[in-house]
2 protein chains.
Amino acid sequence: MMQSKVTAYDSTLRDGAQAQGVSFTVEDKLKIVQQLDALGIGYIEAGNPGSNPKDLEFFKRVAELKLQHAKIIAFGSTRRIGIKAADDNNLRSLLSANTQSVAIFGKSWDYQVTDILRTTLDENLRMIADTIAYLKQQGKEVVFDAEHFYDGYKANAPYALATLKAAADAGADVLCLCDTNGGTFSDEIFAVTQTVVKAFNLQVGIHCHNDCDMAVANSVAAVQAGASQVQGTINGIGERCGNANLVSIIPNLQLKLGLNCIPAENITALTHVARFVSEVANMPFNDKAPYVGNDAFSHKGGMHIDAVNKNPISYEHINPEQVGNIRHILVSEVAGRGALLSKLREIDATLDKDSTDTQRILARIKALEHDGYQFESAEASVQLLVLRELGKLRPSFEFKEYQVNIHEPALNGVNSFAHIKLVVNGQEETTTAEGDGPVNALDKAMRRALERFYPAIKTVRLTDYKVRVLNSDQATAAKVRVLIESADQNESWTTTGVSTDVVDASWRALIDAIEYKLMRDLV
Amino acid sequence: MMQSKVTAYDSTLRDGAQAQGVSFTVEDKLKIVQQLDALGIGYIEAGNPGSNPKDLEFFKRVAELKLQHAKIIAFGSTRRIGIKAADDNNLRSLLSANTQSVAIFGKSWDYQVTDILRTTLDENLRMIADTIAYLKQQGKEVVFDAEHFYDGYKANAPYALATLKAAADAGADVLCLCDTNGGTFSDEIFAVTQTVVKAFNLQVGIHCHNDCDMAVANSVAAVQAGASQVQGTINGIGERCGNANLVSIIPNLQLKLGLNCIPAENITALTHVARFVSEVANMPFNDKAPYVGNDAFSHKGGMHIDAVNKNPISYEHINPEQVGNIRHILVSEVAGRGALLSKLREIDATLDKDSTDTQRILARIKALEHDGYQFESAEASVQLLVLRELGKLRPSFEFKEYQVNIHEPALNGVNSFAHIKLVVNGQEETTTAEGDGPVNALDKAMRRALERFYPAIKTVRLTDYKVRVLNSDQATAAKVRVLIESADQNESWTTTGVSTDVVDASWRALIDAIEYKLMRDLV
């Protein structure tokens, strides 16, 4: 059985927020809701008003947004043991969120009922039935999240199914099957989901975790078995190893199985949304993320590059533009000259492979690589280098000198002092700064010197800083290669520097980072 | 059909090295081989001597290692179009690696043959057959990697199967089916693999990529269909979205399906090996990695912690100790640190797990780890730390202060000057030195100060120097972790330092490196 449409149900703001190191402000949550809505997500599970009273402010404000696609879901649990649903404080909080749709989780694993909840199997069934019947009386659309459903099914299938029947009989609109511990394999997910789909005349959902590194495959297997609601999070953020990653699931379903998940024209926004959520959550973005990562369509091996130049399907399972991503032909020692040439043409389409300009640029890159530069991940530095060689870059400033003093133990709590001299528009500019270490002091001094002339520098954040030692047999006299990743509101870029001195290598990468920003702003 | 044993085939050093930003030195590769061998990996695909002449030095040196489990594989392609296998330079290079086993990749997708290789379908079959027959004549064990097999099967099943038949008839020992572009789903992988397993009386392997976020599930599906060799890489490093992650696959097969992949007693080393490779590759370790990540068994939600305290199976699919990982819950992080305890007993056999000494050392290590230290690969620093805590280390010198001045441009050709003050045997010693960068200047100044008292220091060479940025969102104010590897005639050892200042972090690691040498000489 294959349905033509699958509803995407996002829990980034609820289950995702359970991840270590993640916490969203109300503003963050509102921004993410708007991005998810624009993407075309069907449901956004946005908080648990019972366990987090702060969520109520969010629900009040989100109600004022005009959403195009998404229904907002408030999440809560079945009523407490031995009381009426109408008397349960958590359910009262849930209702005060005032959403049209709610999700209720209940226990489907007999062991969890008897040993963790510590009540009877019958009372658990009543808790599910009472809670859902009460919410339906209040006019809500109700998703029942059957927690630990697959573990429960393996332990006691009749009881696990009885919990679904209690929910269905009470009026639940969706039965969502959860692999809460993430320990189930795709073949089991398929078989058990198919059993449920056949047994109930209701929409079935799937909610997977990634503890076996299979959450995406498991979600797809459940859809192939007939599930038509897929729960997950953006970038797979979530507790432990994360939730199923909607950023992989959506294109898998939409581009590979031809199932509608979000409006077809929106799928090109996927790369943007994934990076946006990563920024707001202040988490490093996974370069290797399927579909949307920086490396997802990067080609390094010379033979691969040659084949991709002949036809991208040689080493690409989809066209990167379909999801708003781009192809990167990496410049590296493994690649032949063909790779470098197609990179150069990206920068300046008029470059011919036999021109003297091209030959000079290639010779310069080769010499720098020999010195330890590696340009495959520092595209901004490559671009600056090419433009400099072509005489097309007007430098924004001229470097004169710096001095750095480091003291250990620190003097009055300060470890590093930088003094720097630059020339901007013919004007000599001298600044000093203190910092946490020499590179930080230099960074601060340079910004202090340049911000007066170029206020746009204030929007540049350094988002990553990597150091690689090259000829490590030279020990502390070894060359080091520094990579610096920077970002403003619109894009991120990587620059590089090489030197026997880590401070100097960092300085070169820093200069390029700022020069690139100023060059882009002029374009 | 379910086989009882599956061979783990690691390609971290070959396909993994194709990843963006990854490059291994010969020393790095030898260290990783030893770790993989100790883990019990069956095959280690370690390089492509035809495309990378530097690999030959590695193959020469790896032959000198005494490996317990692993066979080393040299990797290459089928012979070129229209020549004899014996005349092919790449095959000559492959043979010069002098391994008992080789892997040969060839085209199984008709389109790749006609449009990328640009030869006839028949010539491609001859290229496969000739190459394998020639290598078998040379007495090699041959794995045939059928590149793009699944895409080829979808496009032209009879031809894809004909390429396998050509390899099998020529004597191939293993037919490995590759999902080169990573675009295939688990159900297709299962069905096609099962067809091949039934059609050939040969061992079948599986080689997956992660472009659909399904590489692990696909590898497991292939095994469930009868494949008995699984190719992958440690941490899934590899081109684009990476290769199938052996660190997830091995416990999935071993702990969930009861298949032997590596010796059962070794699986507790998995977390260590994953972190070791990540350090050597100088890649950030994924905290959310299934089985081995720092967060894989972390519990944040209050309800989850309560349930895990009642019984861990509530929210854990396996016991973290099975793979050498630990549970993180707010109260007792020390629980499950069996690995660390056995490490402590290696250093001092009298240490009891409940002694106050042990508790104090564990608390100290925990505090340092919180500050960014990571002791997985810096055993010399661990040893010094333990001996210091036990009051068993008589310091060879006492640090007073240093100052470093850096000038750019260099003054009279010198970029960095270090001034340092130490106390040795109650005597204050002040030295200065010039160097290539601040760390080199400090290193030289320290040696100058100490060599008079401890001439043995002259035998110490610093053989590797790695820098890792920790909280990279802090950019140039981020903490850095430095690893320094040192060696004398007899052994090599690794030390570590953490600071917001790369110079200071290096200095801490340098001090430990020298202190360790002097301590060992006294033993």
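Rules used in this analysis
Residues numbered from 1 in each chain as written. Chains lettered and ligands numbered in written order. Predicted model: local features only at pLDDT ≥ 70, side-chain atom pairs only at ≥ 80, totals over all residues. Heavy atoms only, no water. Helix = DSSP H or I, 4+ residues; strand = E, 2+ residues; numbered from the N terminus. Buried < 20%, exposed > 50% of the residue type's maximum accessible area, 1.4 Å probe, protein only. Contact = heavy atoms within 4.5 Å. Lys, Arg positive; Asp, Glu negative; His and termini not counted. Charge placed at Lys NZ, Arg CZ, Asp CG, Glu CD. Polar contact = N/O pair within 3.5 Å; in protein donor to acceptor, adjacent residues only side chain to side chain. Domains from an automatic or database assignment. Phe/Tyr/Trp six-rings, centres within 6.5 Å; stacked < 30°, edge-to-face > 60°. Axes fitted to C-alpha atoms, helices over the stretch in contact; angles between N-to-C directions. Parallel < 35°, antiparallel > 145°, perpendicular 65-115°, else oblique. Left-handed = near helix turned anticlockwise from the far one by under 90°. Salt bridge = Lys/Arg side-chain N within 4 Å of Asp/Glu carboxyl O. Pairing = 2+ DSSP bridges. Core = buried A, V, L, I, M, F, W, Y, C linked by side-chain atoms within 4.5 Å. Disulfide = S-S within 2.5 Å. Buried area = accessible area lost by both parts, 1.4 Å probe. Nonpolar A, V, L, I, M, F, W, Y, C, P; charged D, E, K, R; others polar. Expected span 1.5 Å × (residues − 1). Arc of directions from axis to C-beta.

### Overview of the overall build of chain A
Scanning chain A from N- to C-terminus turns up 17 helices and 16 strands. Taking the principal axes of its C-alpha atoms as reference, chain A extends roughly 80 × 60 × 45 Å. When each of the 523 residues of chain A is scored for burial, the buried share is 62%. Residue pairs in contact within chain A that sit at least 24 positions apart in sequence constitute 66% of those at least 6 positions apart. Counting 53 positive and 65 negative side-chain charges, chain A places the averaged centre of each group 2 Å from the other.

### Considering the side chain of K107(B)
For K107(B), the position within the fold is in strand β4 (residues 101-107). Side chain to side chain, K107(B) and E147(B) meet in a polar contact 2.9 Å long. Not counting residues within four places of it along the chain, the set of residues in contact with K107(B) comprises Y315(A), Q112(B), V113(B), L117(B), N124(B), I128(B), E147(B) and T163(B).

### Observations regarding the domain arrangement of chain A
Its domain assignment divides chain A into domain 1 (7-280), domain 2 (298-370) and domain 3 (398-522). Its C-alpha centre places domain 1 of chain A at a distance of 46 Å from the equivalent point of domain 3 of chain A.

### Notes on the packing of aromatic side chains
Given two aromatic rings, one states the distance between the centres and the angle between the planes to describe the pair. Enumeration according to the criterion identifies 20 aromatic pairs over all chains in this entry. A ring pair is formed by F149(A) and Y153(A), whose centres lie 6.0 Å apart and whose planes are at 40°; its orientation type is tilted. On the criterion of helical spacing, the pair formed by F149(A) and Y153(A) is a turn pair, its members being four residues apart in helix α6 (residues 149-155). Y153(A) matches F149(A) in its accessibility class, with the two residues each being buried. An angle of 70° between the planes, with centres 5.3 Å apart, marks the rings of Y402(B) and W507(B) as edge-to-face.

### Digging into the packing of helix α14 (residues 356-370) of chain B against helix α15 (residues 379-389) of chain B
Each pair of packed helices can be summarised by the angle the axes make with each other and by the distance between the axes. All names here are of chain B. Between α14 and α15, the shortest axis-to-axis distance is 10 Å and the interhelical angle comes to 135°. Taken as axis vectors, α14 and α15 run oblique relative to one another. Here the hand of the crossing between α14 and α15 comes out right-handed. Facing α14, whose interface residues are R360, I361, R364, I365 and L368, α15 presents L385, V386 and E389.

### A word on the pattern of salt bridges
Summed over the entire model, instances satisfying the criterion amount to 56 salt bridges over all chains. Between K400(B) and E398(B) there is a salt bridge, with its nearest N and O atoms 3.6 Å apart. Look at K400(B) and you get partly exposed, because its relative accessible area is 37%. A residue is classified by how much of its surface remains accessible, and E398(B), at 43% relative accessible area, is partly exposed. In the salt-bridge network here, residues are joined through shared partners; they are R79(A), E123(A), R126(A) and D130(A).

### Notes on the pairing of strand β16 (residues 492-499) of chain A
All names here are of chain A. The buried count for β16 comes to seven of eight residues, which makes it a mostly enclosed element. Pairing geometry for strand β15 (residues 480-487) and β16, over eight bridges, is antiparallel. Directly across from L483, in β16, lies its bridge partner T496. Connecting the antiparallel pair β15 and β16 is a turn made up of four residues.

### Remarks on the sheet that holds strand β6 (residues 174-179) of chain A
Residues and elements named next belong to chain A. The strand order around the closed barrel built from eight strands is β1-β2-β3-β4-β5-β6-β7-β8, with neighbouring strands paired in parallel fashion. Mean inter-strand twist for the sheet, computed between neighbouring axes without regard to direction, equals 25°. Pairing geometry for strand β1 (residues 7-10) and strand β8 (residues 229-232), over four bridges, is parallel. From the neighbouring strand, T7 faces β8, where its bridge partner is Q229. On the sheet, helix α9 (residues 215-224) packs against β6, β7 (203-208) and β8 and is oriented at approximately 170° with respect to β7.

### Some remarks on the nonpolar core
Residues F149(A) and F149(B) are the most contacted members of the largest nonpolar core, which totals 193 residues. A per-element tally of this core places helix α7 (residues 157-169) of chain A first, with seven residues. Leaving out residues up to four positions away in the same chain, F149(B) has contacts with S108(B), A160(B), L161(B), L164(B), L177(B), C178(B), V192(B) and V196(B). Among the nonpolar cores identified, the runner-up in size contains 90 residues, and L450(A), V469(A), L510(A) and A509(B) belong to it.

### Structural notes on the state of the cysteines
Residue and element names in this part refer to chain A. Scanning all chains against the criterion turns up zero disulfides over all chains. A disulfide-free cysteine, C176 has its sulfur positioned 4.6 Å from the sulfur of C178, the nearest such atom. Free of any disulfide, C261 has its nearest cysteine sulfur in C176, 14 Å distant.

### A closer look at the environment of M283(A)
Residue and element names in this part refer to chain A. Within the element layout of this structure, M283 appears in the loop between α11 (270-280) and β9 (298-299). Residue classification places M283 among the partly exposed positions, given a relative accessible area of 22%. Sequence separation between M283 and N266 is 17 residues; the distance between their C-alpha atoms is 24 Å. Beyond its immediate sequence surroundings of up to four residues, M283 is in contact with V22, I237 and S278.

### Focus on the interface of chain B and chain A
Contacts between chain B and chain A engage 106 residues on the former and 107 residues on the latter. For the chain B and chain A pair, buried surface summed over both sides reaches about 8,500 Å², with 53% attributable to carbon and sulfur atoms. Counting across the chain B and chain A interface gives zero salt bridges. For the interface between chain B and chain A, the tally reads 37 residue pairs in polar contact (both at pLDDT 80 or more). The element best represented in the side of chain B that touches chain A is strand β9 (residues 398-411) of chain B, accounting for eleven residues. Looking at the side of chain B that touches chain A residue by residue, the classes come out as 42 nonpolar, 37 polar and 27 charged.

### Focus on helix α8 (residues 186-199) of chain B
All names here are of chain B. With 14 residues, α8 extends 20 Å from end C-alpha to end C-alpha; this agrees with the ideal 20 Å at 1.5 Å per step. S186, I189, V192, T193, V196 and V197 are the residues of α8 that are buried. Taken around the axis of α8, the buried residues stretch over an arc of 140°, which confines them to a single face. Relative to its buried face, α8 has exposed residues pointing more than 90 degrees away, namely K198 and A199.

### So, the environment of T78(A)
Tracing the backbone shows T78(A) in the loop between β3 (71-77) and α3 (89-96). In this structure, the C-alpha to C-alpha distance between T78(A) and E408(A), residues 330 residues apart in sequence, is 59 Å.

### A look at unusual backbone geometry
Residue P409(A) is bonded to the preceding E408(A) through a cis peptide linkage, with omega at 0°. Mapped onto the fold, P409(A) is located in strand β11 (residues 398-411). The phi torsion at H148(A) lies on the positive side, around 55°, for a residue other than glycine. Relative to the helices and strands, H148(A) is located in the loop between β5 (141-147) and α6. For H148(A), a relative accessible area of 0% corresponds to the buried category. Phi is positive for N412(B), close to 45°, though the residue is something other than glycine. Within the element layout of this structure, N412(B) appears in the loop between β9 and β10 (414-424). Note on N412(B): relative accessible area 82%, which makes it exposed.

### With respect to helix α15 (residues 379-389) of chain A
All of the buried residues in α15(A) are A380(A), S381(A), V382(A), L384(A), L385(A), V386(A) and L387(A). Within two residues after α15(A), G391(A) carries a phi angle of roughly 70°, on the positive side.

### Comments concerning the sheet that holds β4(B)
All names here are of chain B. Read around the barrel, eight strands follow the order β1-β2-β3-β4-β5-β6-β7-β8 and close on themselves; strand pairing throughout is parallel. Strand-to-strand twist of the sheet, defined as the mean angle between neighbouring strand axes without regard to direction, takes the value 25°. The pairing of β4 with strand β5 (residues 141-147) spans seven bridges and is parallel. Note that in β5 the partner of I104 across the bridge is F144. Contacting β3 (71-77) and β4, helix α3 (residues 89-96) runs over the sheet at an angle of about 175° to β3. Its contacts with the sheet put helix α5 (residues 121-137) on β3, β4 and β5, and the angle it makes with β5 is roughly 160°.

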